[in-house]
Amino acid sequence: MDIKWEDIDLASIIKAEKIESAVRLKEKIEGLQENVVYEMVNEGYRIAGSYTRKLIIGLGVVKLKIIKLKNDDKITSPMLDRLGIRRERYSRGVKMKLADMASVASYGESST
């Protein structure tokens, strides 16, 4: 019973909801997570715990409470998969800004 979820793009959430703070984004993501968890629990998954995960975005640091779900022997965190940040700490936007800054900065400026 492998459930496929459409990806959530952080940039489009921020733009569509006109979110201007990391706290508001946290509330939105955790609200979406509640819906995902509810649907997956109805499909046979059980809640296996939760943990805090930090994500650094252009608005600041977002501390998300991620809920883990268990089905048979498999434990998963569906929101990380849906957001596409399973092994990421920085959002794509922050990575792009850092890459731009590094490419513009001279060697002396970037090595300090």
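See the structure shown above.
Residues numbered from 1 in each chain as written. Predicted model: local features only at pLDDT ≥ 70, side-chain atom pairs only at ≥ 80, totals over all residues. Heavy atoms only, no water.

(A) Highlighting the sheet that holds strand 1 (residues 46-57). With antiparallel pairing, three strands are arranged side by side in an open sheet as 1-2-3. Both edges of this open sheet fall to strand 1 and strand 3 (74-76), since each of them pairs with a single strand only. Within this sheet the neighbouring strands show an average axis-to-axis angle of 20°, counted without direction. With three bridges connecting them, strand 2 (residues 60-71) and strand 3 associate as antiparallel partners. Residue pairing in the sheet places Leu 69 in a bridge with Thr 76 of strand 3. (Pairing = 2+ DSSP bridges. Helix = DSSP H or I, 4+ residues; strand = E, 2+ residues; numbered from the N terminus. Axes fitted to C-alpha atoms, helices over the stretch in contact; angles between N-to-C directions.)

(B) Looking closely at the nonpolar core. Counting 21 residues, the largest nonpolar core has Leu 25, Ile 29 and Leu 83 as the members making the most contacts within it. The element that contributes the greatest number of residues to this core is helix 2 (residues 22-42), accounting for six residues. (Core = buried A, V, L, I, M, F, W, Y, C linked by side-chain atoms within 4.5 Å. Buried < 20%, exposed > 50% of the residue type's maximum accessible area, 1.4 Å probe, protein only.)

(C) Geometry of unusual backbone geometry. We note that Asp 72 has phi near 60°; this positive angle belongs to a residue other than glycine. Here Asp 72 is to be found in the loop between strand 2 and strand 3. On the accessibility criterion, Asp 72 (63% relative accessible area) is exposed.

(D) Broad picture of the pairing of strand 1. As paired strands, strand 1 and strand 2 are joined by eleven bridges and run antiparallel to one another. Paired with Lys 54 across the strands is Lys 63, a residue of strand 2. The turn joining strand 1 and strand 2, which pair antiparallel and follow one another in sequence, is formed by two residues.

(E) Quick look at the environment of Glu 88. Counting through the fold element by element, Glu 88 comes out in the loop between helix 3 (78-83) and helix 4 (92-104). Residue Glu 88 is classed as partly exposed on the basis of its relative accessible area of 28%. Taking the C-alpha atoms as reference points, Glu 88 and Leu 55, separated by 33 residues in sequence, lie 7.8 Å from one another. For Glu 88, the residues in contact, after removing those within four places along its chain, are Arg 53 and Lys 95. (Contact = heavy atoms within 4.5 Å.)

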